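Residues per chain, in single letters:
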Amino acid sequence: MQIRRCEDWQHLRAAGKVYKYFLIPYYYMKDETRKKITKWFWILFMTPFVLLTVLLLAVWAFADIPSFRELENPDSKLATQIISSSGEILTTIHDENRLFASYNELSPYLVQAAVATEDARFYKHSGIDFQSLGRVLVKTLIGGDSSQGGGSTITQQLAKTLYPREDVSSRIPGWSKVKMVWVKLKEWITAVKLERNYTKDEIMDMYMNAIFFGSNAYGIKSASRTFFAKNPSELTIEESATLVGMVNKPTRYNPVINPEKSLQRRNFVISQMEKAGYITEAQRDSIQQIPINVSSHQVQDHNAGLGPYFKDMLLRTMKAKEPKRRNYEYVEDYQYDSLRWENDGLYGWLEKNRKADGSKYDLYRDGLRIYSTIDSDMQRYAEEAVAEHLGKDLQKAFDREQRRNSKAPFYREVDQETIDRLMGQARRWSDRYRSMKKEGASENEIRQAFREKTKMRVFAWNSKGYVDTLMSPDDSIRYYKGFLRAAFVAIEPLTGHVKAYVGGPNYRWFKYDNCRQGRRQVGSTIKPFLYSLAMQDGLTPCTEVVNVPQTFIIGDDTWTPRSTDKDEWIGLTVNLKWGLTKSSNNISAYLMKQFGPKAMAEMMHKMGIHGHIEEVESLCVGSTDQMPFDMVAAFNTFPSRGMAIEPLFVTRIEDSNGNRLSEFINHRSVAISEYAAYEMVDMMQSVVNHGTGIRLRAKYGLKGEIAGKTGTTNDNSDGWFIGYTPKITAGIWVGGEDRQIHFGSTALGGGSNMALPIWGLFMKKVLKNGNLGISEADRFTPPAGIPMNIACEAEAYGDRRPVVPDQVTAGHEAENEDEGFYFE
C-alpha cells in the first residue's frame, strides 16, 4: 500500500519515532478508522482546555475576585509619614513600614533588574505567560530541572501580594491541591484584570511598592532607605540588583544577615541583566567585582527614625479621647484638656475625623502625611547633644560617685523602706510581673522569679548601644534606675513652632516621655515668672531692695526660705537684676511678699503653664512640679515680646493622595507687656553673661545675645536650664527616674552642670549650620516709644562691692541654685 499525504519518504525517516510509531501506521489505516482516531485525538487534546475554560468561568463567576474598586484601592498598608518642616521624612507610623514611590522615582536599573530576573517577557504577555508555563511544565515538572524557576509573571506576583492567598490546608487527602488550583486560577484572573486596567509601568510601580524586603522594609522606598540610605531613584546597578535579588527570599539574601549569599544572588541578577541586553559583558564583569556596601543598617521598627519621642507624643495627642473629669486628679488639667478638645483640631483628631465612607482613619495603614514643624537638623542636633552629654560625661561622673555607695543608685542617705517601696513599685509596673500575675503566680513565686539570674540584653552607653549580660530582673530594674534621664524642647519665638523634641536618653530602651508625661520640681527656673509679675507691676531691673532673709507667717507657723547667698552678701542694697542674676532666694521671697502666691500662679498660667499650681509661699523658690514642655513654652513668651503662644507641632495632614484633610494654627494671647518682656530679656542676659549661665560663654564659647535661667532643686534631684536667643528658645531637664537618685553635690548635680551643657552643645551645632537662619548677629529688639530703666548692672551696694570673675568658681553649694558670684 502506498503512503498517502506524504511526498518525501526521507523526511519521514528523519522525523523520528513519532512518525515511525504513529504517522506511518496511521497512513496504512482505513479512512473510517483514521477519522475515529482523529476525532478522539481532538477530544482528548481539547478536553483540558475546555475544562480549564469552564473552571476559569466558574472562578470568575463564583470566586471572590477583587473588584475594579478593590484593584484601584488595594490593601497595601501604607505607613503614615511624619514629615519635617524641610520636607524630610522624620519617621513613620506603620504596621508594615511601607512608603509609596511613583514610577518616576524608580531607578531604571531597578526595572531592568526585575524584568531580567523575574519576568523576561513582562512587556510581551498579558498577565499570564503561557510560554513560561510550558517551560516550567516540560523542564521543571517533567525534566526535574528546578533551575528554570517558577512560571509566575510579575503581574501574578503582584496579584498574590496585593490579595494574599487564603489557607489551602485540608484534612481531606488531596483536597488542598484542589484548593490550590482554585486559588491559582483566581490569581490568573486577577493578573489579567490588572493588565486590562493598568499600563505596564503602573504594574511595575505597584509591584515595587508591594514587595517585602526583610528588616521590616515593605516596598522599594523603605528598602532603599533601610539598606542604602537612598531614595529609589538614586540606586546604582549593583544596589538595584541586590534589592531585586532579595525579592523571593528576603532573609536568605539579606546583605546584612547573609552577606555571602546576598553577593552571589546579586551577581546572578547582574548576569541576567547582561543576558537581557541591559548591560554589556564588560559592565557585568566590572560590576560583579564591587562589594555590597550597606549603609549603617537600621531596622525600621517603631523605635527608628528621627524624633521617636516626638512620634510617641503625637500619637498620644491624635488618639486622645474626650476628657472625663473622673480621669483627672487636678481640675486645671481637666480644664486644659477640655479646651484642647474644643479648640485644638489635632487633639483627638482620630476621634473627630472620619473618611468619606464613615470609617475611622488608621495611622498604621492609611498612608497619611503629617507635616510637622520639627526641623530635621535641629532634631538631630538635640538628640546628639543629649546623648553626648549624658553618655560621655554626666553618666560617668554619676557612676563614679556611686562606686562606694551600697545603696546605689539611690542616694546613700535614703532609708531602706523608701528604696523597697520604689523597687516594689517598679516591679509591679514591669511586663514580667503583669504577665506572671495574669498567669496566676503568687507574690512569693513572682519575687523568687525576680531574683533568678537570666541572660538579657540591656542598654549601655557604648558603640552598640547595648550589652549582653547575666542578671536577675531585680538587678535589671536597679540597673536601669541608675541611668540619668533628660528632656529637651526647642520652640521658635513668635511662631510657637516646635523645632526639636527629645523625651529621654534613648527611646528604644526608655519609653517614658519626660517632656510631656513627667512633672518635676522646677527650682529656680520659676523665678523669672515672679520677676515678670514685678516688671508688669511697674518695677524695673534697676529697682533696689535690701538683701535680707524674709519670714512668712503661715497660720500658727513661720517659714523662712533658706538663703542661697553668701554671708557677705546679706544686708547689701541690691537691684532686681542682681537678684535674678544671683538667683537669690531672699529677693524672690521679698517679691513674693509684695505680690503673693495667687498672683504668681495666675501669671504662670497666663504665660503657658497649664498644670496644677499650689498657691503657697514656697512657690517663689520653685516648689511646684511642672512639665518641661510647658516650662519651655512659657519661657518662649520673653523672646516673643510678651505673647504667650501655644506650641504648634503639626501644620497640616494629608491623605495618601495628597488631599488636604486638616490644617492647624495655634492660639496666642498677651501675657505681659512688650516692655516687661524686654526688661526680663535684659535681666536674663545678665544670668548668662555674669551669673549661673556663664559657662555658655566660658566653656562653649557661644557669642551673640543669649538669655536664660538655670535651676536646681532640693538635694540636686533636678537640674534645669532654659535659654533663648532672638530666634530660638530651648530648655532641658535632667535627673534620675526617682527623686531619690541624684548627685551628692551641687557642683555636679546643679542645673549648670547637668542641663546647661546640652544647651551649649545643641546651640554650637545650630550656629555652625548656616542654613537655619540663626546666627550670632541676631539681636533682641527693644520696644519703641517708651524709655525703660534697664541701664544698670547687676549691682549690690554697701561696704563690699561685687567682683565679676572671668568664670564662676565651682563648688559653691546652695539649696536652690548651683553657682554664684564670689566676693572679696
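Account for the overall build of the protein, with residues named and values stated.
Tallying secondary structure elements over the protein gives 30 helices and 21 strands in all. The proportion of buried residues among the 824 residues of the protein is 51%. Taking all contacts inside the protein whose residues are at least 6 apart in sequence as the whole, residues at least 24 apart take part in 69%. Of the roughly 39300 Å² of accessible surface on the protein, a fraction of 50% belongs to carbon and sulfur atoms.

For a positive patch on the surface, give the residues involved together with the corresponding values.
The grouping of Lys392, Lys396, Arg400 and Arg403 at the surface amounts to a positive patch. Position of lysine 392 among the secondary structure elements: in helix α17 (residues 376-402). Lysine 392 sits in the exposed class, given a relative accessible area of 54%.

Tell me about the nonpolar core, residues and numbers included.
Counting residues in each nonpolar core, the largest one holds 93 residues, and the members touching the most others are Leu314, Met318, Tyr501, Phe529, Phe638 and Ile653. The leading source of residues in this core is helix α24 (residues 585-607), at nine residues. With near-sequence residues (within four places) excluded, phenylalanine 638 lies in contact with Pro528, Ser532, Met607, Ile672, Ala677, Met680, Val681, Met684 and Tyr724. Counting 52 residues, the second-largest nonpolar core is a separate cluster that includes Ile419, Tyr433, Phe743 and Ala755.

Tell me about the packing of helix α20 (residues 443-451) against helix α21 (residues 473-481), and name the residues and values.
Packing of α20 against α21 brings their axes to within 5 Å, and their N-to-C directions diverge by 65°. As summarised for this structure, α20 and α21 are arranged roughly perpendicular, according to the angle between their axes. Of the residues in α21, those touching α20 at Ala449, Phe450 and Arg451 are Pro473, Asp474 and Ile477. Residue composition of the contact of α20 with α21, grouped by class: four nonpolar, no polar and two charged.

Go over the pairing of strand β3 (residues 369-372), please, and point to the residues and values.
Side-chain positions along a regular strand alternate between the two faces of the sheet. The sheet contact formed by strand β1 (residues 80-83) and β3 spans three bridges and is parallel. Directly across from isoleucine 83, in β3, lies its bridge partner tyrosine 371. Summarising the sheet, β3 and strand β15 (residues 650-654) pair through four bridges and their orientation is antiparallel. The residue of β15 that forms the bridge with arginine 369 is glutamate 654.

Quick rundown of the confidence of the model for the protein? Include the residues and the values.
Confidence in the prediction for the protein averages 86 pLDDT; 83% of positions are at 70 or higher. The model gives residues 12-22 a pLDDT under 50, and that stretch makes nine contacts with residues more than four places away or in other chains. Within the model, the stretch residues 799-824 combines pLDDT values under 50 with 78 contacts to residues more than four positions away or in other chains.

Before we move on, could you go through a nonpolar patch on the surface and cite the residues and values that matter?
A cluster of nonpolar side chains, Trp40, Ile43 and Leu44, forms an exposed patch at the surface whose accessible area comes to about 340 Å². Topologically, leucine 44 is positioned in helix α3 (residues 31-62).

Lay out the pairing of strand β18 (residues 707-712) in plain terms, naming residues and giving numbers.
Counted residue by residue, β18 has six buried out of six residues, so it is predominantly covered. Here six bridges tie β18 to strand β19 (residues 718-724), and the two strands are oriented antiparallel to one another. Residue pairing for β19: threonine 710 is matched across the bridge by phenylalanine 721.

Can you lay out the side chain of glutamine 402 for me, pointing to particular residues and giving the numbers?
Along the chain, the position of glutamine 402 falls in helix α17. On the basis of relative accessible area, glutamine 402 is assigned to the buried category, the value being 9%. A distance of 2.8 Å separates polar atoms of two side chains, one belonging to glutamine 402 and the other to asparagine 405. With residues up to four places along the chain from it excluded, the contact list for glutamine 402 reads Ala408, Pro409, Phe410 and His742.

Account for the sheet that holds strand β6 (residues 485-491), with residues named and values stated.
Sheets are built from strands that pair by backbone hydrogen bonding, the pairs being arranged parallel or antiparallel. The strand order across the open sheet built from five strands is β7-β6-β20-β19-β18, with neighbouring strands paired in antiparallel fashion. Here the strands that pair on one side only, and so sit at the sheet edges, are β7 (498-502) and β18. Each strand of the sheet is rotated relative to its neighbour by a mean of 5°, with strand direction disregarded.

Can you tell me about the sheet that holds β15, naming the residues and giving the values?
On the basis of which strands lie adjacent, the open sheet formed by five strands has the order β2-β1-β3-β15-β16 and mixed pairing. Sheet topology places β2 (89-93) and β16 (660-663) at the edges, where each strand pairs with a single neighbour. Geometrically, the sheet is characterised by an average inter-axis angle of 20° between neighbouring strands, direction not taken into account. With respect to the sheet, helix α14 (residues 308-318) is in contact with β1, β2, β3 and β15, its orientation differing from that of β2 by roughly 50°.

Give me unusual backbone geometry: which residues, what numbers.
Residues alanine 408 and proline 409 are joined by a peptide bond in cis, for which omega reads 10°. When you line up the elements, proline 409 lands in the loop between α17 and α18 (416-429). Positive phi, normally seen in glycine, also occurs at asparagine 216, with a value near 60°.

Describe the pattern of salt bridges, with residues and values.
With the rule as written, the count across this model stands at 31 salt bridges. One salt bridge in this structure joins lysine 765 and glutamate 384, with 3.3 Å as the shortest N-O distance. Separated by 381 residues along the polypeptide, lysine 765 in helix α30 (residues 756-768) and glutamate 384 in helix α17 bring together distant segments of the chain. Here arginine 485 ties to glutamate 737 by a salt bridge, and the two come within 3.1 Å at their closest N and O atoms. Placement of arginine 485 in strand β6 and of glutamate 737 in the loop between β20 (729-735) and α28 (746-749) is noted, with a sequence separation of 252 residues between them. Judged by relative accessible area, which is 7%, arginine 485 ranks as buried.

What counts as what
Residues numbered from 1 in each chain as written. Predicted model: local features only at pLDDT ≥ 70, side-chain atom pairs only at ≥ 80, totals over all residues. Heavy atoms only, no water. Helix = DSSP H or I, 4+ residues; strand = E, 2+ residues; numbered from the N terminus. Buried < 20%, exposed > 50% of the residue type's maximum accessible area, 1.4 Å probe, protein only. Contact = heavy atoms within 4.5 Å. Areas by Shrake-Rupley, 256 points an atom, 1.4 Å probe, with all protein chains shown as cover. Patch = residues over 30% accessible without salt bridge, like charges linked within 9 Å, V, L, I, M, F, W, Y side chains within 5 Å. Salt bridge = Lys/Arg side-chain N within 4 Å of Asp/Glu carboxyl O. Lys, Arg positive; Asp, Glu negative; His and termini not counted. Charge placed at Lys NZ, Arg CZ, Asp CG, Glu CD. Core = buried A, V, L, I, M, F, W, Y, C linked by side-chain atoms within 4.5 Å. Axes fitted to C-alpha atoms, helices over the stretch in contact; angles between N-to-C directions. Parallel < 35°, antiparallel > 145°, perpendicular 65-115°, else oblique. Nonpolar A, V, L, I, M, F, W, Y, C, P; charged D, E, K, R; others polar. Pairing = 2+ DSSP bridges. pLDDT = per-residue confidence, 0-100. Polar contact = N/O pair within 3.5 Å; in protein donor to acceptor, adjacent residues only side chain to side chain.

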